[in-house]
Amino acid sequence: MSFNPLAPIEKNDKDLYTYVEQGKTMALEAGALGRMEKLLIAMALDAAHGAANGVKSLALQAMEAGASREQVMEALRVAAYISGVGSVYTAAAGLQDVLE
């Protein structure tokens, strides 16, 4: 991602920024699940929470980590099943420039 959405936080509260970045590193580093799988989970959660920009960013990161279009879509099927059709509309908005 070329734009850092946390830039205002980084500029104004280095400790909070560091806290968030450390959490992201811990959550997304490869372990029992690979980084790609964790990014797909995060993308599905963002879809469920209405965060279209997060869907886009995480889908791109997952694809850079090796995810196929089919894997992205399957992760979104899980979000749709658990969280409803609203997650599909959020995902569609986030993926317009990614999967078209």
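Along each chain, numbering runs from 1 in the same order as the chain's sequence is written. Side-chain atom pairs in this predicted model are given and counted only at pLDDT of 80 or more, local residue features only at pLDDT of at least 70, and totals for whole chains, interfaces and linings cover all residues. In computing side-chain values, all of the structure's heavy atoms are included and hydrogens and water are not.

Quick look at the nonpolar core
Inside soluble globular proteins, nonpolar side chains tend to come together where they are buried. The test is simple: To qualify as a nonpolar core, a set must consist of buried Ala, Val, Leu, Ile, Met, Phe, Trp, Tyr and Cys residues joined through side-chain atoms within 4.5 Å. Burial status follows relative accessibility: with a 1.4 Å probe on protein chains alone, a residue under 20% of its type maximum counts as buried, one over 50% as exposed, and anything between as partly exposed. Strands here mean DSSP runs of E at least two residues long; helices mean DSSP runs of H or I at least four residues long; both are numbered from the N terminus. Contact criterion: two residues are considered in contact whenever any of their non-hydrogen atoms come within 4.5 Å of each other.
Judged by nonpolar contacts, the single largest core of 19 residues is most densely connected at Leu40, Met43, Val55, Val72, Leu76, Ala91 and Leu95. Listing elements by their share of this core, those giving two or more residues are α3 (35-48), α4 (52-64), α5 (69-83) and α6 (86-95). Those residues in contact with leucine 40 that lie beyond four places of it in its chain are Ala62, Ala67, Gln71, Val72 and Ala75.

Focus: the pattern of salt bridges
What counts, and what does not: Whenever a carboxyl oxygen of Asp or Glu lies within 4 Å of a side-chain nitrogen of Lys or Arg, that contact is scored as a salt bridge.
Counting across every chain of the model gives two salt bridges. Between lysine 24 and glutamate 21 there is a salt bridge, with its nearest N and O atoms 3.4 Å apart. Remark: glutamate 21 and lysine 24 occur in helix α2 (residues 14-28); sequence separation between them is three residues, near one turn of the helix. By relative accessible area, lysine 24 is classed as partly exposed at 43%. The partner of lysine 56 in a salt bridge is aspartate 97, and the shortest N-O contact between them spans 3.7 Å.

Here we look at the side chain of serine 57
Inspection of the secondary structure puts serine 57 in helix α4. A relative accessible area of 13% means that serine 57 is categorised as buried.

Purely geometric numbers; function is a separate question.
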